[in-house]
Structure formats: C-alpha cells, structure tokens
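This is what each chain is made of:
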Amino acid sequence: MEIAPLWSVWGFWQGVFSTAVLYGSLALFTSILHNVFLLYYVETFVSIYKIDKISFWVGETVFLIWNSLNDPLFGWLSDRAFLSSPQSGPPITTPEVVLKRLKSLSTNGPLFALSFLAFWVAWARPGLQFLLCLCLYDGFLTLVDLHHSALLADLAVSAADRTRLNFHCSVFSALGSFSVFLSYSFWDKEDFYSFRIFCVSLAAFSILGFFLVSRLLRHRFQKEVLHRQDEAQTLKELSVGHAPLTHPEKPVTIGQYLKQLSKHRNFMWFVSMNLIQVFHCHFNSNFFPLFLEHLLSDNISASTGSILLGISYIAPHLNNLYFLTLCQRYGVYQVIRWLFMLKLGLSVAMLLAGADHIYLLCIFIASNRVFTEGTCKLLKLVISDLVDEDFVVNRRQQAASALLFGMVNLLTKPGQTFAPLIGTWLLCVYTGYDIFEREPVKDSLVSVPDVASGLGKPPLRLGCFYMLVFVPITCALLQLASWSRFTLHGRKLQGIKTLRQGAQHGNLIDVKAI
C-alpha cells in the first residue's frame, strides 16, 4: 500500500526535470570534487604527508603517461562495437547507446567520488599513495568525462539542442566552482580533520547525485527502448517473405580506425587548433600566481588578488552562457573565430600600453584566462559535430562518440605538459630566473629599460610581462591559421546533420520533447 506513493513521487520528479537539466547536473557532481582536487592535492602531499621529491616526480610522470593513454583506451573499449555495420541482428539504436553510457555513469560516478576521498587520509607510504591515488582518480574521472561528453553527441544532433545541453552544463559547472570558496573555510594544514569532513560531505553529495540522476535518465530511456522494440516487433509481424540479403562487414580494427581518422581532414585541423588551446589554458593556470606576484603584488591588495583568482574560476562558466547564445545566432565556428581575434586584439593592445598600467593589467590577466577557458568549453560542441561527420563519412552503424572524444584528448593532452615546460624555459632564457631554485642568476639583477614606458624595470617583471602578452599573440595567430582550414560549418555542417538524422531515421530523441 505504501509503494504506490513512492512510485508517484518518483514519476513526479521525472516529469519536473527535463533531460537537459538532468544532463547538466552531472557536471555539478564532477566539478565540486575536481576543483577541490586541483587546488589541494599537491599541497596535501607536499606539506602534510611530506612526500619526497623523487617520489613526487615519479608519480607525476606515471600520471602523465596514464592520463594520455586512458582516454583512447576507454573510448575504444566502449565504442569499438559501433565502428562497423552489424554482422547479424538489428542495428544498435541511439536509446540503447544512451542506456549503456548512463549505466557506466551510474557505476563509475560513485567510484570517482570514492577515489577522491582516498587523497585526504594517509593509508600508505606517501610515494605509493600518491601514485595509486592519481591513477585511480584519473581513471574514473576519464570514464565519467568520456561518457558524459559522448552523451552530448548521442542525445541530440541539432545545433540548438546541443547548445541547450551545453548551456545547462555551464550553469551547473559554475555552481560546482563554489566548492572552491567553501573549501577556504575548512583548509588548515595544522588541523586537517575539518577539511576531511568537508571532503566527505562533497563526496557523499556527488555519490547521491550520480545515483539519482542516472536512474532518472535510465528510466526515461528504458521506456524509449521498449517503445522501439514494440515498433520493431510490429514491423516483423507485418513483413512478407525473407529479408533482403546483406553483406556483413568485418569489425573495424584499431589500425583501420586510425587510418580512417588520419584521412579526416577536419579532425586533424581541429586537433591542431585544440592542442594550442589546451597549451594556452594550462599556461594561464600554471603561471597565473606568478603573474600576480611579479606584475601586481606591489600595487594591489591581497583581497584584490583573491578576487581576481575567484573570477578566473567562476567567470568562464558564466561567460559561456553568453557565448552559447551567440552560438545559436551565428554558429559555433564563427564565435570561436571571434574569440581568437579578440585574444589577439587584447594582447596587442596590452603590449602597446606597457606594464605600468596596473588596472589594465588586472583586467587583461583576468579576461585572458576567462576568454581562453570559455573557448575551451565551446569545443565539445565542435567535437560533437566531428562525431556526426565521422558517422556519415565512414558509414558507422552508430556514432563512436566516446572513442572520438578519447582520440581528441590523446592528441591534445601533451599541451598540458608543454605549458609549464615552455613557460619555465622562456622565463629562464629571457631573465635567468629559475622558478625551481628561486634564485635568479647574477645578470638578472641588472635593470633593463621598458621600451613601452621608458622606465627602468627589473628583468623578471619585464620577462613576465612579455610572456603574458606574447604567448596569447602567438597562440591566436597559429589558431586563426588552422581554424581557417576547418570546413565543417555552414551548409556543409547542415548537410552532415541531415544525413545523420536520415541514416538513423527516428532513433534520435528530441531533447525538447522529453
């Protein structure tokens, strides 16, 4: 007698939340944990667990290799069945693919949250714990991120529906960024107990969220699959004679898939552009504190610096909401092109203004990071379009969206490594300043004139300023050159979407109708 009200409540919540809201909320359950991880995991192991330098770099090196390889590995294991036409039986429908991805999220989401907790309690030698925690955490994060990103291509084909899904992701990711501000109230290296309780609370919220949202979405799409099966059974009963003879194809091997991908020109141009974008995003993140310290610390208060840091975390998500409205009017390709041009224009203007305009520097440092991160958040829409083109050109039985996202990550993640390496090398070459030793060489103590202002400036400050403006100028020029060769936009993109929708004739689900 008490079961009926429970089912009615469950059905009520299913009716209240749209697919776009539920899909976007999955980003919240990831971001509340990942933002805290990025901010505190290094300091926890260095300052609290006292990890030695060799163990730290061994762990980071293994993590770098694992971080690059697990994306295509998990993508291949997930989507290899979709790469060729089925040898027997009916084709896999989109609702079935969505169910598969949601099942993975319902399992790996809570495991991701549990792997997050493993960082904040000492349970092994620091070096061993550091290595195991990083690999476990990144493995589950990759599984969650791949399937969540792939759903963007599987849930919708039209640009409007995908923009709507991405819009909700940005809203919930912005909400997730507030965990960073809350964490400041609990972080204390001398008394770690309160911070552990805070992390347990975040993980519990994330586990509950993954469990409930994935169940809501799975229940919705299970009804869709049953509806498809009923239609297929009806058609089978009405059919007359034998089915036409088909020529089954052999499954596509990894070598054949890589060969197909190497001939995908738009994919190659996109990866070239995105590699530079990943480099620039991580360059901004890695050197943001350095720029604050050497360009602004003598002229702004500590509270102003913290405000700039907070803006750099939250503003990209909020700004992306505006960018997505522009995408609906002008297309993703055009908006990204404008952002590259804006990056180039602002950097040239800052170079001409010089390093002595403190308020301009504050605005430029914050806006440079905000616009760069905002561009990164639009690129999932482009990868989803590439999934459509790959599906049409190679005549897949189903879009291999997780695999394509994984291949993009494999080819662009080296930008994460290049950013600190190239940045520290440039700083050492131009100023003689070694960021690891914290001791500038003798020549760096000589004053060098600032050609823009005519005043004598310490070379370290001047070197930081030139890095701040010349890196985005170089990135913008290279990105505009590669982006101009990208042709999947306008009429060609509409033609690809029409062909995909026609090939799957009705298997796709209208996001607005759910």
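See above for the structure.
The structure presented is a predicted model; accordingly, all values stated were derived computationally and were not measured.

Cut-offs and rules
- Residues numbered from 1 in each chain as written.
- Predicted model: local features only at pLDDT ≥ 70, side-chain atom pairs only at ≥ 80, totals over all residues.
- Heavy atoms only, no water.
- Disulfide = S-S within 2.5 Å.
- Helix = DSSP H or I, 4+ residues; strand = E, 2+ residues; numbered from the N terminus.
- Expected span 1.5 Å × (residues − 1).
- Buried < 20%, exposed > 50% of the residue type's maximum accessible area, 1.4 Å probe, protein only.
- Arc of directions from axis to C-beta.
- Contact = heavy atoms within 4.5 Å.
- Core = buried A, V, L, I, M, F, W, Y, C linked by side-chain atoms within 4.5 Å.
- Domains from an automatic or database assignment.
- Lys, Arg positive; Asp, Glu negative; His and termini not counted.
- Salt bridge = Lys/Arg side-chain N within 4 Å of Asp/Glu carboxyl O.
- Phe/Tyr/Trp six-rings, centres within 6.5 Å; stacked < 30°, edge-to-face > 60°.
- Lys NZ or Arg CZ within 6 Å of the ring centre and 35° of its normal.

Draft legend 1. Representation of the state of the cysteines in the model. Scanning all chains against the criterion turns up one disulfide. Paired by a disulfide, cysteine 281 and cysteine 376 hold their sulfur atoms 2.4 Å apart. Handedness here is read from the sign of the S-S torsion; for cysteine 281 and cysteine 376, about 105°, the answer is right-handed. Here cysteine 376 lies in helix H13 (residues 358–393) and cysteine 281 lies in helix H10 (residues 265–296), a separation of 95 residues in the sequence.

Draft legend 2. Representation of helix H15 (residues 414–431) in the model. When the terminal C-alpha atoms of H15 are compared, their 26 Å separation across 18 residues agrees well with the 26 Å that a helix rising 1.5 Å per residue should span. Along H15, the residues that are buried comprise Gly415, Ala419, Gly423, Thr424, Leu426, Leu427 and Thr431. Looking straight down H15, one finds that the buried residues subtend no more than 160° of arc, so they occupy a single side. Turned more than 90 degrees away from the buried face of H15 sit Leu421 and Trp425, all of them exposed. Those residues of H15 that are buried lie in contact with H10, helix H14 (401–412) and helix H16 (459–483). Among the residues trailing H15, glycine 432 stands out with phi positive, at a value near 75°.

Draft legend 3. Representation of the nonpolar core within the structure. Of all hydrophobic cores here, the largest spans 96 residues; its most connected members are Phe116, Phe119, Trp120, Phe195, Phe270 and Trp483. Among the elements that take part in this core, helix H2 (residues 19–48) stands out by supplying 14 residues, more than any other. Counting contributing residues, this core receives three or more from each of domain 1 (16–83 + 93–228) and domain 2 (264–435 + 458–513). Once you skip the residues sitting within four places of it in the chain, tryptophan 483 turns out to touch Phe270, Met273, Tyr333, Ile336, Arg337, Phe340 and Val382. Core analysis: the second largest hydrophobic core is formed by 31 residues, Ile276, Ala355, Ile358 and Leu427 among them.

Draft legend 4. Here's a closer look at the side chain of lysine 343. Counting through the fold element by element, lysine 343 comes out in helix H12 (residues 332–353). No salt bridge is formed by the buried lysine 343. Its closest oppositely charged neighbour is glutamate 373, at 11 Å. Sequence-distant contacts of lysine 343, defined by excluding residues within four places in its chain, comprise Gln277, His280, Asn368, Thr372, Pro472, Cys475, Ala476 and Gln479.

Draft legend 5. Up close: the packing of aromatic side chains. Enumeration over the complete set of coordinates arrives at 34 aromatic pairs. Relative to tryptophan 120, the ring of phenylalanine 119 lies with its centre 5.9 Å away and its plane at 45°, an arrangement referred to as tilted. Per residue, the accessibility class of phenylalanine 119 equals that of tryptophan 120, and both read buried. When the centroid spacing of 5.8 Å and the interplanar angle of 50° are considered together, the rings of tyrosine 466 and phenylalanine 470 count as tilted. Residue tyrosine 466 and its partner phenylalanine 470 are located together in helix H16, separated by four residues, close to a single helical turn. Among the residues examined, phenylalanine 470 registers a relative accessible area of 39% and is labelled partly exposed. One cation-aromatic arrangement involves arginine 500 over phenylalanine 391; the distance from NZ or CZ to the ring centre is 5.5 Å.

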